[in-house]
Amino acid sequence: EAQVTQNPRYLITVTGKKLTVTCSQNMNHEYMSWYRQDPGLGLRQIYYSMNVEVTDKGDVPEGYKVSRKEKRNFPLILESPSPNQTSLYFCASSLSQTGVGGYEQYFGPGTRLTVT
Amino acid sequence: AQKITQTQPGMFVQEKEAVTLDCTYDTSDQSYGLFWYKQPSSGEMIFLIYQGSYDEQNATEGRYSLNFQKARKSANLVISASQLGDSAMYFCAMREAQGGSEKLVFGKGTKLTVNP
């Protein structure tokens, strides 16, 4: 089954304790992305990756790191989480076509993170 | 500047009636894509429909159609014959390709409630 998986689905942690949220896709997609969703703000892009070893900042990258060592995996790293990073996080992937493109993004189930 | 605007925080519709969810966008690109996603209360993001900037015909997918008015920069979602299961948050998104990178920008969403 084609899917994007994220782990963990729920996480409660404390300020400053490094954490990683994993994301994996089995569709051989080139493009992967992380979003955070906050009430009233919709989804905002954190980082994205066009391919292996190619990553770039989205609209809200501060406090986050990513890596893309393999095509299927795109972990999100919070080196020193803070309460303002409490949010619902989504990983997504798609085929990539610069310019005219219609490839939908497949979303993972989401990770609800609480930082106290 | 906000690139995707959804002016209706909440909408109500009677079961079996049609409803239009508004979306306007802002871009100077000639090549872009517009998406609609549904997010039910369970939280997952479900792709509904896509419209490319060069597509001459409005996109349709089952009960969903996209009313694309390029000159007005609007991409409204029309849901025909509403069902109770259509109650959800709906997000409009725009895919931009600039300088070899691609970004997906979301609106803040519209909460649709279908009444029996």
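Preceding this paragraph is the structure being described.
Residues numbered from 1 in each chain as written. Chains lettered and ligands numbered in written order. Predicted model: local features only at pLDDT ≥ 70, side-chain atom pairs only at ≥ 80, totals over all residues. Heavy atoms only, no water.

Participant: Quick rundown of unusual backbone geometry? Include the residues and the values.
Facilitator: For residues besides glycine, phi is generally negative; the peptide bonds are generally trans as well. A cis amide bond links N7 of chain A to the next residue, P8 of chain A, at an omega of -5 degrees. With respect to the element layout, P8 of chain A can be found in the loop between β1 (4-7) and β2 (10-13). With phi around 65 degrees, E53 of chain A is a residue other than glycine that occupies positive phi space. Along the chain, E53 of chain A falls in the loop between β5 (42-51) and β6 (54-57). On the basis of relative accessibility, which here comes to 61%, the residue E53 of chain A falls in the exposed class. Its identity is not glycine, yet K73 of chain B carries a phi of approximately 55 degrees, on the positive side. (Helix = DSSP H or I, 4+ residues; strand = E, 2+ residues; numbered from the N terminus. Buried < 20%, exposed > 50% of the residue type's maximum accessible area, 1.4 Å probe, protein only.)

Participant: Give me the environment of M50 of chain A: which residues, what numbers.
Facilitator: With respect to the element layout, M50 of chain A can be found in strand β5. C-alpha of M50 of chain A to C-alpha of S93 of chain A: the two residues are 43 residues apart in sequence and 9.8 Å apart in space.

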